[in-house]
Protein chains: 2
Amino acid sequence: MQDNQYIQHPRYHVAVDCVIFGYEEGVLKLLLYPRGFEPSLGNWSLLGGFVQEKESVEDASRRVLLNTTGLRDIYLQQVSTFSRPDRDPGARVISVVSYALVHIDKYDKELVRDHGAHWWPVDKMPQFIFDHKSMVQSALFKLQQDASVKLVGKELLPDLFTLNQLRSLYGAIFQKDFDPANFRKKILSLGVLEKTSIKNTTESRKGAFCYKFKEETEMRVSDRIVKFI
Amino acid sequence: MQDNQYIQHPRYHVAVDCVIFGYEEGVLKLLLYPRGFEPSLGNWSLLGGFVQEKESVEDASRRVLLNTTGLRDIYLQQVSTFSRPDRDPGARVISVVSYALVHIDKYDKELVRDHGAHWWPVDKMPQFIFDHKSMVQSALFKLQQDASVKLVGKELLPDLFTLNQLRSLYGAIFQKDFDPANFRKKILSLGVLEKTSIKNTTESRKGAFCYKFKEETEMRVSDRIVKFI
DNA sequence: CCAAAAGTGTTACGCCTACACCCATGG
DNA sequence: CCATGGGTGTAGGCGTAACACTTTTGG
């Protein structure tokens, strides 16, 4: 492509939309924003923004996440690009969707409240604007794919967690119950967790030992954690 | 986002780049175009083009494929979006990469020759322009992912093919040899192939029966074909 | 004591791997 | 008749699923 060829081609707004996953009380949740004006008033929207001159799509997503949740160093994965010419009735906008995994207890509550945002369980989601519903579906699928070859959890759970909390998280991600005994053996065999001497007694009478992720180890594992995906 | 908010944001050229896979003589190949001018003269480029006013990214990719290979109804999958601000030295261009699977004997030879294009084996690729090398790597990875849960072959092989041709194709995609006996059993157990009475004697003295894909069946299989990815 | 979660052990089954082995045929 | 690819059969191993069973402790 020659430089002078560029000029004759149209240019578009390029947006980023973030599917922000958090995990709380055994439920996988999504941070969404209510749309305050027509069209699509009352429906809910992903957190988004426009790509600025000197940033990449990833930069833009991180900027948007920082501005609305106050969080840095977030685990972020690109999902897919949505580009139907009529997808946004306001103007031609091409949107790159990513998902983010955040610690639901660490975000800036004030900032989020000021934006009117709300955490929605993934199995009870509201009406979305535009094509945001299929964005969420794509993001969830991508998360499942990733979680089947990489142990997610560091990004969503507290630093110390029990194996049953991790199992519940995987249950929430895959919408499926995992056998406690087998899940325990499978996960421990991966060798990426470290047992601590701390017991968590909030969820059972007996109390369960807490684990943490080993430093330095890549959580991407050689064989898949979840076989069926 | 309100309509009047759009105007203050920058707009960019949005391109599509296609990683076109073909399969010939046991080798997985890529259709590439030589760059005829500086910068990056002599290096090779993916087939690309700009997204026009009334088309989606997918539309644009299909248009570009049609214009340069003469092929319609191509199997096309979006891979990822590349957006580093400096990725194209000529101008700010955000590019959405897809891969295409084509029958290497059916494309329009003249059209391709006129463009100076050339099929390159994936294991002997030339120098690329810009970030096209990592585009190809991402595309190959995505193809591997897809081929492990969906039987690709309809899109790359002739209508009638032997199981060993299919095995060679999978070997080329995953850069790994599959055991003939085990591959045969695994593939046939999927139940998506139909044996014909036609024998192909070009590749062995004994001759091998040709198979074809069953009509109507979805080639996406429940358990994965290739376990290690 | 009992319910309920934590944690360990056992068994059976399915699938994959790695071969051995027969078949057909052109040179 | 033999080298070569086509095609079938089989034994071993590994991982998982299913589930029994034991431990701990607050109510």
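Calculation rules
Residues numbered from 1 in each chain as written. Chains lettered and ligands numbered in written order. Predicted model: local features only at pLDDT ≥ 70, side-chain atom pairs only at ≥ 80, totals over all residues. Heavy atoms only, no water. Contact = heavy atoms within 4.5 Å. Buried area = accessible area lost by both parts, 1.4 Å probe. Salt bridge = Lys/Arg side-chain N within 4 Å of Asp/Glu carboxyl O. Polar contact = N/O pair within 3.5 Å; in protein donor to acceptor, adjacent residues only side chain to side chain. Helix = DSSP H or I, 4+ residues; strand = E, 2+ residues; numbered from the N terminus. Nonpolar A, V, L, I, M, F, W, Y, C, P; charged D, E, K, R; others polar. Near = heavy atom within 4 Å. Buried < 20%, exposed > 50% of the residue type's maximum accessible area, 1.4 Å probe, protein only. Pairing = 2+ DSSP bridges. Least-squares fit on C-alpha atoms with pLDDT ≥ 70 in both. Domains from an automatic or database assignment. UniProt positions renumbered as here; feature names shortened; annotations may be inferred.

### Description of the interface of chain A and chain B
Contacts between chain A and chain B engage 39 residues on the former and 39 residues on the latter. Between chain A and chain B, a total of about 3600 Å² is buried, with carbon and sulfur atoms accounting for 55% of that surface. Taken together, the links from chain A to chain B amount to 0 salt bridges. On inspection of chain A and its partner chain B, the count reaches 27 residue pairs in polar contact (both at pLDDT 80 or more). Contributing elements (two or more residues each) for the side of chain A that touches chain B: helix H1 (3-6), strand E1 (12-24), strand E5 (75-82) and strand E6 (93-101) of chain A. Of the residues assigned to the side of chain A that touches chain B, the class counts are 17 nonpolar, 11 polar and 11 charged.

### So, the protein's contact with DNA strand D
Taken together, 18 residues lie around DNA strand D, and Lys186 of chain A together with Asn164, Arg184, Lys185 and Lys206 of chain B are the ones closest in. A breakdown of the atoms of DNA strand D within 4 Å of the protein gives sugar and phosphate a share of 52%. Lys186 of chain A is positioned such that a nitrogen or oxygen atom in its side chain is 2.4 Å from a phosphate oxygen of DNA strand D. Measuring from a phosphate oxygen of DNA strand D, one finds a backbone N or O atom of Phe209 of chain B at 3.1 Å. Among the residues forming the surface near DNA strand D, the class breakdown is 4 nonpolar, 4 polar and 10 charged.

### Here's the deal with the pairing of strand E1 (residues 11-24) of chain B
All names here are of chain B. Taking burial as the measure, the 14 residues of E1 include 12 buried ones, the bulk of the element. With 9 bridges joining them, E1 and strand E6 (residues 93-101) adopt parallel strand pairing. Along E6, the bridge assignment pairs Val14 with Ile94. Inspection of the sheet shows E1 paired to strand E4 (residues 47-50) by 4 bridges, in the antiparallel sense. Bridge pairing in E4 links Asp17 to Gly48. Sheet topology note: the E1/strand E2 (residues 27-34) ladder contains 4 bridges and is antiparallel. Each bridged residue has a counterpart across the sheet, and for Phe21 the counterpart in E2 is Leu30. Counted along the chain from E1 to the antiparallel partner E2, the turn is 2 residues long, and its residue Glu25 has a positive phi close to 50 degrees.

### Looking at the relation of the copies chain A and chain B
The operation relating chain A to chain B is a screw motion whose rotation component is 180 degrees, with 0.1 Å of axial translation and a residual RMSD of 0.1 Å. Classification of the inter-copy transformation places it as that of a two-fold axis. Both copies share a contact surface, since 95% of the interface residues of chain A are interface residues in chain B too.

### Brief notes about the domain arrangement of chain A
All names here are of chain A. Parsing chain A into structural domains produces domain 1 (3-149) and domain 2 (150-229). Taking only C-alpha atoms into account, the centre of domain 1 sits 27 Å from that of domain 2. Facing 20 residues of domain 1, the contacting portion of domain 2 comprises 23 residues. Each partner contributes to the roughly 1800 Å² buried at the junction of domain 1 and domain 2, and carbon and sulfur atoms together form 62% of this total. On the domain 1 side of the interface with domain 2, the three residues burying the most area are Tyr23, Ser148 and Val149, jointly 34% of the side's total. Going through the elements one at a time, E1 and helix H4 (132-149) are the ones with two or more residues in the side of domain 1 that touches domain 2. A per-element tally of the side of domain 1 that touches domain 2 places H4 first, with 8 residues. Tallied by class, the residues present in the side of domain 1 that touches domain 2 amount to 12 nonpolar, 5 polar and 3 charged.

### What to know about the UniProt feature "domain: Nudix hydrolase" (unreviewed entry) in chain A
The positions that UniProt labels "domain: Nudix hydrolase" (unreviewed entry) are, in the present scheme, residues 11-143 of chain A. Secondary structure across residues 11-143 of chain A divides into 23% helix and 36% strand, with the first and last C-alpha atoms of the span separated by 31 Å.

### Here we look at the sheet that holds strand E10 (residues 208-213) of chain A
By definition, the strands of a sheet pair up through backbone hydrogen bonds, in either a parallel or an antiparallel sense. Residue and element names in this part refer to chain A. The strand order across the open sheet built from 3 strands is E8-E10-E9, with neighbouring strands paired in antiparallel fashion. Unpaired on one side and paired on the other, strand E8 (161-162) and strand E9 (193-200) mark the two borders of the sheet. Here E8 pairs with E10 via 2 bridges, running antiparallel. Across the sheet, the residue bridging to Thr162 is Cys210, located in E10.

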